[in-house]
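Observations on chain architecture
Given next are the chains, with one letter for each unit.
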Amino acid sequence: MKTLTLIVLTIVVLINTVYAQNGTADDPEFPPLEERYLGQKTPGLTPELFAPGFVSTQEHVESLFTFTPDMKEFYFNRVGGQYKETTLFVTQYKNSNWSEPSVLSTDINKHEERFKPGLSELNNLEQFKDLNFTGFTASAKGTYYFYFIDFADGGSGYMSYSRLINGQYEPLQRMNDDINSGTYKAHPFVAPDESYIMWDVEKAGKNKPDIYISFRQPDGTWGPAIDMGPHINTDAYEQRPRVTPDGKYLFFWRGDEKVKEDGSTYWEGNPYWLDARIIETLRPEPIAYPIAYSSKESGNTEIYLTDVEGKSKIKITDYEGGNGYPAWSPDGKQLAFYAKYDSRKTWSIHTMNSDGSNRKRLTHEQNMRDNSPSWSPDGNKIAFSRVYNGDEGDWKFELWIMNPDGSQQTQVGSLSGGAPDFMPDGRLIYNSESEVSEICIVDIDGTNMIQLTNTNAKNWHPEVSPDGKQIAFMSNRDGNFEIYIMDVDGSNQTRLTHNDVRDSTPVWSADGSQILFVSRDEADNNHLYIINKDASSMKRMIDNGGQPAWFGGSK
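No experiment lies behind these values; they were computed from the predicted model shown.

The number of helices and strands found in the protein is three helices and 43 strands. When its C-alpha atoms are laid out on the principal axes, the protein stretches across 85 × 50 × 45 Å. Going through the 555 residues of the protein one by one, you find that 55% of them count as buried. Sequence-distant contacts, at least 24 apart, represent 43% of the contacts inside the protein between residues at least 6 apart. Surface summary for the protein: the accessible area is close to 24400 Å², and the carbon and sulfur share equals 45%. On the protein, the mean spot of the 53 positive side-chain charges and the mean spot of the 79 negative ones are 2 Å from each other.

This is how it looks when you write it as structure tokens:
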């Protein structure tokens, strides 16, 4: 990557901004479809060299390519041969024809205003004045995405973003660890609606970059980094993904360093393109059964999956000791849960694939009741509650965190509490345990506690909404356990249910509009009910069910 830096990283970042990111629909102002792409025959799902002989040549390296938003101009850089310096070219659509590519300048900085937002505009924003970033881009929503590369440290660095919130840009937020894995992370392209992001990166074991994609999850977080596959990623360098303004084609750069007979080296590289439908083939399929829950339907407590209407279900565990408290991993591929051993005296946290396979026991402490697992937003940690009988016969309540393989089990300070759930920013929300139980937020080391409730009652099982703005919980503050919601700062505490029986363990739907909860009937049987978050339209959804988890909502 070191030599390639001179070709594709030291050029100013202007062309890598919002061009081709406004994502307009098929605008009548665009050139006709058959003439839109420089008159080239359009490709399918296999990448093809773009405009050979017109843009792409053997004697030069062409890079940094983009259409203007109206698709009537195409810019690219060229270096090599007679072009000793990187030179900016443009071809224009006029009178139903594309002009021959012409030299615009060897000083791209002179044309900053052509590529909004330019560096001067960015530097006028107070939050970004002192950022020592390598490059940036911006989405149609105004979110800035930055990447930082330390070339002196083997390409270490990270990508981050800043959203425009109430007219102000927030402090930089780092992308998740999966996106930020590898070295030389660069050249992000963000969909106009921010439903996906593409970038190039050198992963461990490779010394050349490949292109990856991540899709926005229902809860607003970014999903795992997905290799864009062997049609795009080869043994060469693949970089700079971007989609045309009409959303129809994906462009990227492919090149490599070659060795001459005399041992000297040189670069080859050109733009390639393919049908943008390749992106949808990589998008993870929606989970058909996004609701997990426990049930004694078969006689033993097992974990089931069901659809959003509760009409179809499948049992995914079969273990005599009993299984419960399922929790979805952020990518929907795994569930964490507890199972019971030693005549149900020992409860242990497990993981398994979402189809019930690959069951793994993570905790092994005897006579401990490990329960209520929850995954961190990046999927790299699992928090859980540990309950046991102390030396003096009193019950102890602890919070723990571990890696998803069970390693590095660490108690969260000396907190007494249960039902931990991760906040979008990585902090923990939980209910304290004493004569009264309050809902609190803490850092993962147990410090900086913020208490959200203040009642002479039990406030249990907090669950954060997918957008991170509200919290659902159960409380007996009015004499009976009912379902409540409040804002994430503890304000606007509102009761949703008014039943004569115990209502408990609320979880959010994937879109954040509904809450699924457990209601116990007079015969002491548990059933799952669903209610709108405005307290309207409550209905029974699943008979004989408890401890729910909804993928994309509450995990």
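Don't stop here, the text continues.
Turning next to empty space enclosed by the protein. According to the stated counting rule, one finds four cavities of 30 Å³ or more in the structure shown. Counted as a void, the largest cavity has a volume near 190 Å³. Lining the largest cavity are 18 residues, and of these Tyr 325, Pro 326, Pro 373, His 461 and Glu 463 sit closest to its centre. Contributing elements (two or more residues each) for the lining of the largest cavity: β23 (323-328), β27 (369-375), β31 (417-422), β35 (459-464), β39 (503-508) and β43 (546-550). Tallied by class, residues from the lining of the largest cavity come to ten nonpolar, five polar and three charged.

It is worth spelling out the layout of surface pockets at this point. Put simply, the largest pocket is a space of about 1500 Å³. Lining the largest pocket we find 44 residues, and of these Tyr 161, Arg 163, Thr 221, Pro 424 and Asp 425 sit closest to its centre. Every element with two or more residues in the lining of the largest pocket is listed here: β10 (164-165), β12 (173-174), β27, β31 and β35. Of the residues belonging to the lining of the largest pocket, the class tally is 14 nonpolar, twelve polar and 18 charged. Its residues assigned to classes, the lining of the second largest pocket comprises nine nonpolar, 21 polar and eight charged.

With that out of the way, let us pick up the nonpolar core. Grouped together as the largest cluster of nonpolar side chains are 24 residues, with contacts concentrated most on Leu 38, Phe 50, Val 55, Phe 67, Phe 74 and Phe 251. Of all the secondary-structure elements, those providing two or more residues to this core are β2 (61-67), β3 (73-80), β4 (83-94), β18 (249-259) and β19 (265-275). Excluding anything up to four places from it in sequence, Phe 50 contacts Tyr 37, Leu 38, Gln 40, Val 55, Ser 56, Phe 74, Phe 251, Pro 271, Tyr 272 and Trp 273. Counting residues in hydrophobic clusters, the runner-up holds 18 residues, among them Ile 213, Phe 252, Ile 279 and Leu 282.

Its location among the elements puts Lys 84 in strand β4. For Lys 84, a relative accessible area of 73% gives the class exposed. Placed 430 residues apart in sequence, Lys 84 and Gln 514 show a C-alpha to C-alpha distance of 62 Å. A polar atom in the side chain of Lys 84 sits 3.2 Å from the backbone oxygen of Gly 81.

The subject of this paragraph is the sheet that holds β31. The strand order across the open sheet formed by four strands is β31-β32-β33-β34, and the pairing between neighbours is antiparallel. If you trace the sheet from one side to the other, it starts and ends with β31 and β34 (450-451), each paired once.

Confidence in the prediction for the protein averages 89 pLDDT; 92% of positions are at 70 or higher. The element-level mean pLDDT for the protein is lowest in helix α1 (residues 5-8), coming to 39, with strand β37 (residues 482-487) highest at 98. A low-confidence stretch, residues 1-23 (pLDDT under 50), is modelled with 95 contacts involving residues beyond four sequence positions or located in other chains.

Turning next to the pattern of salt bridges. The full count for this structure, using the stated rule, is 17 salt bridges. The partner of Arg 386 in a salt bridge is Asp 370, with the nearest N and O atoms 2.7 Å apart. Note that Arg 386 is positioned in strand β28 (residues 382-389) and Asp 370 in strand β27, a separation of 16 residues in sequence. Neither Arg 386 nor Asp 370 differs from the other in exposure class; each is buried. Of the charged contacts in the structure, one is a salt bridge between Arg 520 and Asp 524, with a shortest N-O distance of 3.5 Å. Classification of Arg 520 as partly exposed rests on a relative accessible area of 31%. Salt bridges sharing common partners tie together Asp 478, Glu 482 and Arg 495.

The subject of this paragraph is the pairing of strand β24 (residues 334-341). For β24, a buried count of seven out of eight residues is recorded, marking the element as mostly surrounded by other parts of the structure. Direction of pairing for β23 relative to β24: antiparallel, over a ladder of four bridges. Each residue of the ladder has a partner; that of Gly 324, found in β24, is Tyr 338. From the end of β23 to the start of β24, which pair antiparallel, there are five residues, and Gly 332 there has a positive phi angle of about 75°. In this sheet, strand β25 (residues 346-353) lies alongside β24 in antiparallel orientation, the contact comprising eight bridges. Bridge assignment links Gln 334 to a residue of β25, and that residue is Asn 353. Between β24 and β25, which pair antiparallel in sequence order, lie four residues; one of them, Asp 342, sits at a positive phi of approximately 50°.

Cut-offs used in this document
Residues numbered from 1 in each chain as written. Predicted model: local features only at pLDDT ≥ 70, side-chain atom pairs only at ≥ 80, totals over all residues. Heavy atoms only, no water. Helix = DSSP H or I, 4+ residues; strand = E, 2+ residues; numbered from the N terminus. Buried < 20%, exposed > 50% of the residue type's maximum accessible area, 1.4 Å probe, protein only. Contact = heavy atoms within 4.5 Å. Areas by Shrake-Rupley, 256 points an atom, 1.4 Å probe, with all protein chains shown as cover. Lys, Arg positive; Asp, Glu negative; His and termini not counted. Charge placed at Lys NZ, Arg CZ, Asp CG, Glu CD. 1 Å grid on protein atoms, 1.4 Å probe; cavity = no way out; pocket = protein on both sides within 12 Å on 5 of 7 lines; lining within 4 Å. Points joined across faces, edges and corners; volume = space filled by probe spheres on them. Nonpolar A, V, L, I, M, F, W, Y, C, P; charged D, E, K, R; others polar. Core = buried A, V, L, I, M, F, W, Y, C linked by side-chain atoms within 4.5 Å. Polar contact = N/O pair within 3.5 Å; in protein donor to acceptor, adjacent residues only side chain to side chain. Pairing = 2+ DSSP bridges. pLDDT = per-residue confidence, 0-100. Salt bridge = Lys/Arg side-chain N within 4 Å of Asp/Glu carboxyl O.

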